[in-house]
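This is what each chain is made of:
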Amino acid sequence: MLEADTSSEIDDRLGAMLGTSLPPAHAKLQQICREFADEVLIPSADLHDREESYPAKIVERLANLGLMGILAPKRYGGMEMDNLGLTIALEEINRGCASTGVTLSVHNSLLSGPLLHFGTEEQQKNFFPRLASGEALGAYAITEPNHGSDAVAIETTCRRDGDDWILNGTKAWITNGSHAGIIITFATVDPALRSKGINAFVVESSMPGFSVGKKEKKLGIRASDTVQLVFEDLRVPAANLLGEEGQGFKIAMHTLDGGRIGIATQAVGIAQACLDATVKFAERHEMFGRKLADNQLASNKIANMATRTEAARLLTYRAAMLKDAGLPHSREASMAKLSASEIANDAARMALEVHGGAGLGRQNPVERLFRDAKITEIYEGTSQIQRLVISRHVRPDRG
Ligand code: CAA
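Residues numbered from 1 in each chain as written. Predicted model: local features only at pLDDT ≥ 70, side-chain atom pairs only at ≥ 80, totals over all residues. Heavy atoms only, no water.

1. Points about the domain arrangement of the protein
Where we set the bar: An automatic or database domain assignment supplies the start and end points of every domain. The contact rule is simple, with two residues in contact once any of their heavy atoms fall within 4.5 Å. In short, buried area is how much 1.4 Å probe accessible area vanishes from two parts on joining, totalled over both. The term salt bridge refers to a side-chain nitrogen of Lys or Arg lying within 4 Å of a carboxyl oxygen of Asp or Glu. Side-chain atoms alone can form a polar contact between residues adjacent in sequence; in general such a contact is a pair of N or O atoms within 3.5 Å, and within protein one must be able to donate a hydrogen while the other accepts it.
Entries for the protein in the domain assignment read domain 1 (7-137), domain 2 (140-248) and domain 3 (255-394). Between the C-alpha centres of domain 2 and domain 3 the distance comes to 31 Å. At the junction of the two partners, domain 2 supplies six residues and domain 3 supplies eleven residues. When domain 2 packs against domain 3, the two sides together hide about 730 Å² of surface, and 64% of this comes from carbon and sulfur. It is Tyr140, Leu219 and Ile221 in domain 2 that bury the most area against domain 3; as a group they hold 60% of the surface buried on that side. For the interface between domain 2 and domain 3, the tally reads zero salt bridges. Summed over the shared surface of domain 2 and domain 3, the number is two residue pairs in polar contact (both at pLDDT 80 or more).

2. Thoughts on the site of the ligand
The condition that has to hold: For this description, a residue counts as near a given molecule or strand if any of its non-hydrogen atoms is within 4 Å of it. Going along the chain from the N terminus, every DSSP run of H or I of four or more residues is numbered as a helix, and every run of E of two or more is numbered as a strand. Three categories are distinguished: nonpolar for Ala, Val, Leu, Ile, Met, Phe, Trp, Tyr, Cys and Pro, charged for Asp, Glu, Lys and Arg, and polar for the others, with Gly belonging to the last.
Among the 28 residues in the neighbourhood of the ligand, the closest are listed as Ser149, Thr175, Lys196, Lys250 and Asp257. One nitrogen or oxygen atom from the side chain of Arg260 is found 2.8 Å from an oxygen atom belonging to the ligand. Breaking the shell around the ligand down by element, the ones donating at least two residues are α5 (98-118), β3 (164-175), α7 (248-284) and α11 (383-394). Counting residues per element, the shell around the ligand draws most heavily on α7, which supplies seven residues. Partitioning the shell around the ligand into residue classes produces 14 nonpolar, eight polar and six charged. A domain split of the shell around the ligand shows at least three residues from each of domain 2 (140-248) and domain 3 (255-394).

3. Remarks on the pairing of β3
Test applied: Strands are labelled as partners when DSSP assigns at least two bridges between them.
Where strand β2 (residues 157-161) and β3 come together, five bridges link them in antiparallel fashion. In the sheet register, Asp161 faces β3, and the bridge partner there is Asp164. Taking the residues that link successive antiparallel strands as the turn, the β2-β3 hairpin has two residues, and the phi of Gly162 there is positive, at about 60°. In terms of strand pairing, β3 meets strand β7 (residues 226-237) through nine bridges, oriented antiparallel. Residue pairing across strands places Trp165 opposite Val236, the latter belonging to β7.

Take a look at the structure:
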């Protein structure tokens, strides 16, 4: 595990914040992910988007690089990196392909995160080796057809039956759902108990009563897998209860605090990709007898994109570093996600404006980036939910 207790390590982490240097392990991980994005993801992202096909071969290659176990303990085959490391890796992957980015983010952050924090040694021993090696893909199932933002209102039920729990219900919009082997799932003993009635389970897709429902066709991140999951008398061993009975909602929220840093990171990656594409285009194209990049309207947009992307990156690093330090980070994670997702959407709009008609063409990456950016304002808590979380933190006596 990276330890932040030597002065040089602290200097390096400060350097990460200031954009001057990274701790060596982080710099190496960044390099690996950067090369993978440039050599593999950027050339194939448009094809996967057009075919709306889950990039199974690419996920296999991510596993070979060890990226399916970024947070997982070394003793179970993982890299045992911290959240700053995860953030740095995810930015590069998302810069290359946001569909691959969310696949990796959900796996590492929404599944490894709670397993690390709330899982027993037995559960970690059981699940981490398969997750870290990429043998099993992870998913996180809280949303239901009738309940998204109001997560407390979920209707999927769980009841104890001897050494098992029996789950019934339908989960919706589940990233990685049809390919996942291991899914963190939330269900209630009684909806009337609201947050106090919710339990968290580690479900395996091989368990009797588990099936995959409707596949969603989406505006963006089209190569990521998004489906409904159906539980019909799904039998889950009691040993797969994550945390204590009744603690499920807090586990869900704690996990989303980390997940939101992951989506902020995705937004930073998309914003950076928009900036890169725009600079490249503006350097190559001429208008009114000079390079587009020398045109003040285009250079203003480029400057705004660069400055805002950097600001979003710093907010995101800060949230990750607070999490690594074991400090409260719910407010900062929401601020990072709110800000970075708006910046990514603005960057995509500005990129299109600089590209003009060329940006509308399917052959141009900014058309995909424009569609991919939108989801960052919606999943893992809409921008309205992030504002609710932030405002509650700045008004602690809101009642
Ligand atoms: N960490 C730990 N505990 C927390 C917490 C946190 N961040 N936030 C709240 N809690 C606790 C509260 O302290 C409270 O506990 P007590 O009753 O003991 O005091 C309990 O949880 C209930 O909290 P609230 O009263 O704040 O609950 P609420 O109903 O008012 O709503 C909410 C909270 C913030 C609106 C929440 O429902 C929410 O975040 N909604 C958005 C859901 C969401 O983000 N869904 C994303 C789906 S996952 C996804 O998109 C993944 C994917 O596929 C990519």
